[in-house]
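If you want the building blocks of each chain, they are given just below.
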Amino acid sequence: MEKRTIITVKDLVKQYGDFTAVKGISFEVYENEIFGLLGPNGAGKSTTLEIIETLRDKTSGQVMVDGMDLDKDPNGIKKIIGVQLQSSGYYPNLNLTELIDLFSGLYNQPVDPKELLQRFNLEDKATAKYKQLSGGQKQRFSIATTLINKPKIIFLDEPTTGLDPQARRNLWELIQLVRSQGTTVVITTHYMDEAEFLCDRCAIVDKGEIIAINSPDALIDNLVAGGFERQKEVKQANLEDVFLHMTGRALREE
Ligand code: ADP
């Protein structure tokens, strides 16, 4: 099937004073894929994402999102994307239901808080405050809130950082679920197992440039074709297998 492009970034440059953080990168994201931006700290991932999210000005280049030009219609773009808030974005005195109602009002989108919380396995936390949630619950809630305006694309910035192995796997399933319901997902992560598991394609960014872009499978095959050989694994399991075998896969956050 022909893939439809939903994000096009062309020759994107971002300068902070004399420093060029993004050096003319170009890439496309296809509709309904999970697209990963990988790269060391300081590579320019957040800068790139925040420009696409209309939260930061670019120096030059072109960005199109679902047919809309960032220069001409940033408000149109805002309407069809979902962005995770930093934790400071959640009013401390409101509980989860009230927060969802608030966002629902802001976006002028009717949402049933109970149904949304249920989808993210948070129905027991309907009257809890954000700060009372475990790390995994916080991440689930912030992903849930990205969906309130029924976006075509959501942006997830390191959604599993700091989570235990069970919560991380649970979040992977949720991200796959969101995608299966038609949403395009753009994600950053420092966990390569996560990128390998989730991403249809990923871009590796280094020092403001894209140095590779492909499916995880193709990236690995290319490395191997170039003669790379990993030291043979002699064991049939790793420490994470031990951990999950002994502590189970069920979520453990309450
Ligand atoms: P990443 O998300 O890949 O870690 P960033 O986009 O946050 O990278 O940062 C890219 C580079 O730009 C870094 O060297 C960072 O220090 C610099 N940078 C980011 N934001 C600013 C800013 N507001 N002012 C000056 N330099 C910045």
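So, here is what we can say about the structure in this document.

Conventions and cut-offs
Residues numbered from 1 in each chain as written. Predicted model: local features only at pLDDT ≥ 70, side-chain atom pairs only at ≥ 80, totals over all residues. Heavy atoms only, no water. Pairing = 2+ DSSP bridges. Helix = DSSP H or I, 4+ residues; strand = E, 2+ residues; numbered from the N terminus. Contact = heavy atoms within 4.5 Å. Axes fitted to C-alpha atoms, helices over the stretch in contact; angles between N-to-C directions. Near = heavy atom within 4 Å. Polar contact = N/O pair within 3.5 Å; in protein donor to acceptor, adjacent residues only side chain to side chain. Areas by Shrake-Rupley, 256 points an atom, 1.4 Å probe, with all protein chains shown as cover. Nonpolar A, V, L, I, M, F, W, Y, C, P; charged D, E, K, R; others polar.

### Points about the sheet that holds strand 1 (residues 5–16)
Within the open sheet, the four strands sit side by side as 2-1-4-5. Their pairing is antiparallel. Looking at the sheet topology across the chains shown, the edges are occupied by strand 2 (19–30) and strand 5 (68–69). Relative to strand 2, strand 1 is paired through nine bridges, and the arrangement is antiparallel. Of the residues in strand 2, the one forming a bridge with Val9 is Phe27. Each of strand 1, strand 2 and strand 4 (60–65) touches helix 1 (residues 45–52); the most contacted strand, strand 1, lies at about 120° to it.

### Quick look at the site of the ligand
Taken together, Tyr16, Phe19, Ala21, Pro40, Asn41, Gly42, Ala43, Gly44, Lys45, Ser46, Thr47 and Arg56 make up all the residues around the ligand. Here a nitrogen atom of the ligand sits 3.4 Å away from a polar atom, N or O, in the side chain of Tyr16. For the ligand, an oxygen atom lies 3.1 Å from a polar atom in the backbone of Ala43. Here the ligand loses 60% of its free accessible area of 560 Å² to cover by the protein chains. Every element with two or more residues in the shell around the ligand is listed here: strand 2 and helix 1. Broken down by element, the shell around the ligand gets its largest block of residues, three residues, from helix 1. Residues of the shell around the ligand, tallied by class, amount to five nonpolar, five polar and two charged.

### Describing the sheet that holds strand 8 (residues 184–188)
Across the sheet, six strands lie side by side as 6-7-8-3-9-10; this open sheet has mixed pairing. Single-partner strands in this sheet number two, and they are strand 6 (81–83) and strand 10 (209–214). Strand after strand, the sheet turns through a mean of 15° between neighbouring axes, direction not considered. The sheet contact formed by strand 6 and strand 7 (residues 153–157) spans three bridges and is parallel. Within the sheet, the bridge partner assigned to Val83 lies in strand 7 and is Phe155. The strands that helix 6 (residues 165–180) touches are strand 3 (34–38), strand 7 and strand 8; relative to strand 8, the one it contacts most, it runs at about 150°.

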